[in-house]
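Structural overview
As a plain string of letters, each chain reads:
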Amino acid sequence: MAGAVAKIPSLISSGLTAARPKFNIFMKYARVELAPPKLSEIPQIKAGIGKLLTSAKTGAWKNQTVKQASLNVLVGAEVIFWFYVGECIGKRHIVGYNV
Amino acid sequence: MSELPFGPPVRVSPLIRFGRWSFLATGILYGAFHQNRLSKREEKLREIEAKEKIVRDEKLKKEKAIAAAAEIKALEEMVAPKK
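Residues numbered from 1 in each chain as written. Chains lettered and ligands numbered in written order. Predicted model: local features only at pLDDT ≥ 70, side-chain atom pairs only at ≥ 80, totals over all residues. Heavy atoms only, no water.

Before going further, it helps to examine the side chain of B:Gln35. With respect to the element layout, B:Gln35 can be found in helix α1 (residues 14–79). Apart from the residues lying within four places of it in its own chain, the contact partners of B:Gln35 are A:Lys91, A:Tyr97 and A:Asn98. (Helix = DSSP H or I, 4+ residues; strand = E, 2+ residues; numbered from the N terminus. Contact = heavy atoms within 4.5 Å.)

Each partner contributes to the interface: chain A provides 30 residues, whereas chain B provides 32 residues. Carbon and sulfur atoms supply 72% of the area buried between chain A and chain B, which totals about 2,900 Å² over both sides. The interface formed by chain A and chain B contains two salt bridges. Here B:Arg20 and A:Glu78 are joined by a salt bridge, their closest N and O atoms 2.9 Å apart. (Buried area = accessible area lost by both parts, 1.4 Å probe. Salt bridge = Lys/Arg side-chain N within 4 Å of Asp/Glu carboxyl O.)

Attention now moves to the packing of helix α2 (residues 42–58) of chain A against α1(B). Where α2(A) contacts α1(B), the axes come no closer than 8 Å and their chain directions differ by 90°. Considering their axes alone, α2(A) and α1(B) lie roughly perpendicular with respect to each other. Residues A:Gln44, A:Ile45, A:Gly48, A:Ile49 and A:Leu52 of α2(A) pack against B:Pro14, B:Leu15 and B:Phe18 of α1(B). Classifying every residue of the contact of α2(A) with α1(B) gives six nonpolar, two polar and no charged. (Axes fitted to C-alpha atoms, helices over the stretch in contact; angles between N-to-C directions. Parallel < 35°, antiparallel > 145°, perpendicular 65-115°, else oblique. Nonpolar A, V, L, I, M, F, W, Y, C, P; charged D, E, K, R; others polar.)

If you want it as structure tokens, here you go:
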């Protein structure tokens, strides 16, 4: 038992050294893919919102393949889940509200 | 590219990234606001409960005293029955 406890620090440090390169790779992708939108991208965002609205108005969203539609649903769900992540941060608790 | 094993990073559409960050921000605000509201409500309930607890404890104490007196009386009857 004492031996196992004594091994914990070296286990943690070796785990960290093993995880570092992977984390660096993750960060390289995240810098590009998870970056907050720049001010220069506002026109593109506006155009995207306009496209969403027109496709909702004209019913163009019904004219897509099942594959496209399911991908769009997944992307939309992912975007909405960020709201719940934010809620967890805002209420400073993971499950339920700690009143 | 040896440092990027999964190819170059995908260019995520600005609309999606904008949606993510704005939903994250609204989520943080909503969570803080809702937490505040719920804890205020709970605070009020706790005050009411504390007041009720005093009354209830008093009542329980009286009932206990009555029950104890009745028990002692019954025991006395058993030990020394009336002739």
